[in-house]
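Here's the letter readout for the chains.
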Amino acid sequence: MDDALRFVDITEDQLDAVMRVRARSFGVMAGGDREQWLKDARVFMQDGRYVGVADGDEVIAAARFWAFEQWWSGRRVPVAGVAGVVVSPEYRGRGVGSKLMRGVLQRAADKGFPLTALYPATTVIYRHLGYEFGGGRYRFSFPAADLRALGGKEIAVRRAGPEDAERFLELVGEAHARRRTSGPLVWPIKEVTSWLADEDNFAYLADDGIVVYNWSGSDLCVEELVAGSEATARALWATVGSGSSIADTVRAYISPDDAVHLLVEHEAHKEVQHQRWMLRLLDAPTAIAARGFAPGAGVEADLRLDDPDVPANSGDWHLSVADGSGELTSTQGSDDALVLGPRGLAGLYAGTPLATLRAAGLASGGSVELDAALDTAFTGATPYMLDYF
Ligand SMILES: CC(C)(COP(=O)(O)OP(=O)(O)OC[C@H]1O[C@@H](n2cnc3c(N)ncnc32)[C@H](O)[C@@H]1OP(=O)(O)O)[C@@H](O)C(=O)NCCC(=O)NCCS
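Residues numbered from 1 in each chain as written. Predicted model: local features only at pLDDT ≥ 70, side-chain atom pairs only at ≥ 80, totals over all residues. Heavy atoms only, no water.

Draft legend 1. Expanded view of helix H13 (residues 368-378). Every buried residue of H13 is listed here: Leu 370, Asp 371, Leu 374, Ala 377 and Phe 378. Down the axis of H13, the smallest arc covering the buried residues is 130°, so these residues share one side. What points out from H13, more than 90 degrees from its buried face, is the exposed set Val 368 and Glu 369. (Buried < 20%, exposed > 50% of the residue type's maximum accessible area, 1.4 Å probe, protein only. Helix = DSSP H or I, 4+ residues; strand = E, 2+ residues; numbered from the N terminus. Arc of directions from axis to C-beta.)

Shown next, in the form of structure tokens:
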């Protein structure tokens, strides 16, 4: 690769160039979308979260990252959500994308994010840089009439709007903490407010639950539904299902473990839309300390991590898990340590069984007993996201 290529922060006068690369990568944006894109781009830029690669003065590649939090076993962990990774076509296949992504990893680590996640359009480049599958985004489809029949009529449900953003975040947070959820993102309240203000979205609030849905062609689509009780779940799903005279089908972004699967009379349609997202640890001790673990699990394990792109993760570590919390401390090397690279570490963090990681060549050393203890500590309900970014 040409040594003259520089990693840069995107500046206002480079936005046109970035838009040109984007158009050649993702398609040309419609007029209204351009305005929104520019508005968003400035927020990323101001916070040092829009970066690129320049050849001389010309920007030839760019990427940005969202400052999210992500639930891991019922606790919130800061995560850099990488998006809009683009390289100009004439520069592709020469290591520019990798140079860009190494810069993104460094920048996100410098800004204190212990985790990074992304939806890959191609896995190859991200795997080379230590990302591995962390979970999925699932969209199930139900007959609207089945949802309408769920009842819950005794529950009061009222229309909700942007003024309910804080209550929305509270309800969702309580549900994820209680269920020890892994995967969903926490969006900044500003984004939640404008989402609830969008007239294309219909939101309904009960004392202990909320649903947000919209039209998707001639179907209805649930973007998010949380309920603190069975009765509220029935009431909110039935509110959406009340559209069954017009919409045959209700699509829903939900966890594969969502209670609605156990409430509806007929199972969801066999076809499920499933998009995988990838995860990477940028600061292993902080990422371990921030997440939750299965409350009954106890682990004492030696790990050897080898992470060429984030050298601070590399070395010999001792992992202790007790009472639902974990700690990773630097230690002396041990011959029976479990050996992981960044992809194995990401897989372990996301609850992928050790047997799967071993079968994929992503873990070695350790012992069968240790595998069982680690699986118990890290594995819970299926990690999922509701949003694409
Ligand atoms: C994907 C993209 C960012 C990669 O940039 P790039 O500069 O070509 O990447 P690199 O040259 O650093 O390649 C890194 C590795 O990824 C591989 N790779 C890159 N693009 C690939 C593709 N489309 N399919 C399969 N592998 C690909 C390369 O072969 C290389 O692997 P190797 O070293 O084993 O050969 C670029 O092709 C692009 O802008 N595509 C269009 C937009 C897009 O899909 N963005 C990704 C959104 S998540």
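Following the structure, the description resumes.
Draft legend 2. Looking closely at the packing of aromatic side chains. Enumeration according to the criterion identifies 19 aromatic pairs in this entry. With 6.0 Å between their ring centres and 85° between their planes, Phe 65 and Phe 113 make a pair best called edge-to-face. Here Phe 65, found in strand E3 (residues 58-72), pairs with Phe 113, found in the loop between helix H3 (96-110) and strand E5 (115-118); they are 48 residues apart in sequence, far enough to count as distant. Classification of Phe 65 as buried rests on a relative accessible area of 0%. (Phe/Tyr/Trp six-rings, centres within 6.5 Å; stacked < 30°, edge-to-face > 60°.)

Draft legend 3. Here's a closer look at H3. The terminal C-alpha atoms of H3, which comprises 15 residues, lie 21 Å apart, in line with the 21 Å expected from a rise of 1.5 Å per residue. Among all positions in H3, only Val 96, Gly 97, Leu 100, Met 101, Gly 103, Val 104, Leu 105, Arg 107 and Ala 108 are buried. (Expected span 1.5 Å × (residues − 1).)

Draft legend 4. Broad picture of empty space enclosed by the protein. A full pass over the atoms with the stated rule returns two cavities of 30 Å³ or more. In this structure, the largest cavity encloses a volume near 40 Å³. Lining the largest cavity, in full, are Val 172, His 176, Pro 184, Leu 185, Trp 187, Glu 224, Leu 386 and Asp 387. Among the residues making up the lining of the largest cavity, the classes are represented as five nonpolar, one polar and two charged. Each pocket or cavity is described by its volume, and for the second largest cavity that value is around 30 Å³. Lining of the second largest cavity is provided by Trp 72, Ser 182, Arg 291, Tyr 349, Ala 350, Gly 351, Phe 378, Thr 379, Gly 380, Ala 381 and Pro 383. Here the lining of the second largest cavity is built from residues that sort into six nonpolar, four polar and one charged. (1 Å grid on protein atoms, 1.4 Å probe; cavity = no way out; pocket = protein on both sides within 12 Å on 5 of 7 lines; lining within 4 Å. Points joined across faces, edges and corners; volume = space filled by probe spheres on them. Nonpolar A, V, L, I, M, F, W, Y, C, P; charged D, E, K, R; others polar.)

Draft legend 5. The environment of Ala 238, seen in detail. Structurally, Ala 238 can be placed in helix H8 (residues 230-241). Through-space distance from the C-alpha of Ala 238 to that of Ser 216 is 18 Å; in sequence the pair is 22 residues apart. When sequence neighbours within four positions are dropped, the list of residues in contact with Ala 238 reads Leu 147, Arg 148 and Gly 151. (Contact = heavy atoms within 4.5 Å.)

Draft legend 6. Summary view of the domain arrangement of the chain. Along its sequence, the chain is organised into domain 1 (5-130), domain 2 (138-275) and domain 3 (283-378). Here domain 1 and domain 2 have C-alpha centroids that lie 31 Å from each other. Residue-level contacts link twelve residues of domain 1 with 14 residues of domain 2. Between domain 1 and domain 2, roughly 1200 Å² of surface is buried when both sides are summed, and carbon and sulfur atoms account for 65% of that area. Run the count over domain 1 and domain 2 and you get zero salt bridges. Where domain 1 touches domain 2, the interface holds seven residue pairs in polar contact (both at pLDDT 80 or more). (Domains from an automatic or database assignment. Buried area = accessible area lost by both parts, 1.4 Å probe. Salt bridge = Lys/Arg side-chain N within 4 Å of Asp/Glu carboxyl O. Polar contact = N/O pair within 3.5 Å; in protein donor to acceptor, adjacent residues only side chain to side chain.)

Draft legend 7. Structural view of the site of the ligand. In the neighbourhood of the ligand, 19 residues make up the surrounding shell, with Val 85, Gly 93, Gly 97, Ser 98 and His 128 lying closest. The separation between an oxygen atom of the ligand and a polar main-chain atom of Val 87 is 2.8 Å. A distance of 2.7 Å is found between an oxygen atom of the ligand and a backbone nitrogen or oxygen belonging to Gly 93. Isolated, the ligand exposes 900 Å² of accessible area, and the fraction of that covered by the protein chains is 67%. The set of elements that each furnish at least two residues to the shell around the ligand consists of helix H1 (15-26), strand E4 (75-87), H3 and helix H4 (123-128). Residue contributions to the shell around the ligand peak at four residues, all from H4. Class assignment of the residues belonging to the shell around the ligand gives a composition of ten nonpolar, seven polar and two charged. (Near = heavy atom within 4 Å. Areas by Shrake-Rupley, 256 points an atom, 1.4 Å probe, with all protein chains shown as cover.)

Draft legend 8. The layout of surface pockets, seen in detail. Here the second largest pocket defines a volume of roughly 400 Å³. Along the wall of the second largest pocket there are 24 residues; nearest its centre are Arg 179, Asp 257, Asp 258, Ala 259 and Tyr 384. Of the residues forming the lining of the second largest pocket, the biggest block, four residues, is contributed by strand E11 (residues 219-227). Considered class by class, the residues forming the lining of the second largest pocket number 13 nonpolar, six polar and five charged.

Draft legend 9. Layout of unusual backbone geometry. The phi dihedral of Ser 73 falls on the positive side, at around 50°, and the residue is not glycine. Of note, Ser 73 is situated in the loop between E3 and E4.

Draft legend 10. Highlighting a negative patch on the surface. A contiguous patch of negative charge on the surface is contributed by Asp 13, Asp 57, Glu 58 and Glu 90. Tracing the backbone through its elements, the reader meets Glu 90 in the loop between E4 and H3. (Patch = residues over 30% accessible without salt bridge, like charges linked within 9 Å, V, L, I, M, F, W, Y side chains within 5 Å. Lys, Arg positive; Asp, Glu negative; His and termini not counted. Charge placed at Lys NZ, Arg CZ, Asp CG, Glu CD.)

Draft legend 11. Layout of the sheet that holds strand E15 (residues 315-322). On the basis of which strands lie adjacent, the open sheet formed by five strands has the order E16-E15-E14-E17-E18 and mixed pairing. Two strands lie at the open edges of the sheet, namely strand E16 (325-330) and strand E18 (363-365), each paired on one side alone. Here the strands of the sheet are splayed against their neighbours by 30° on average, with no regard to which way each runs. Those strands touched by H13 are strand E14 (299-305), E15 and strand E17 (338-340), and its axis lies near 100° from that of E14. (Pairing = 2+ DSSP bridges. Axes fitted to C-alpha atoms, helices over the stretch in contact; angles between N-to-C directions.)

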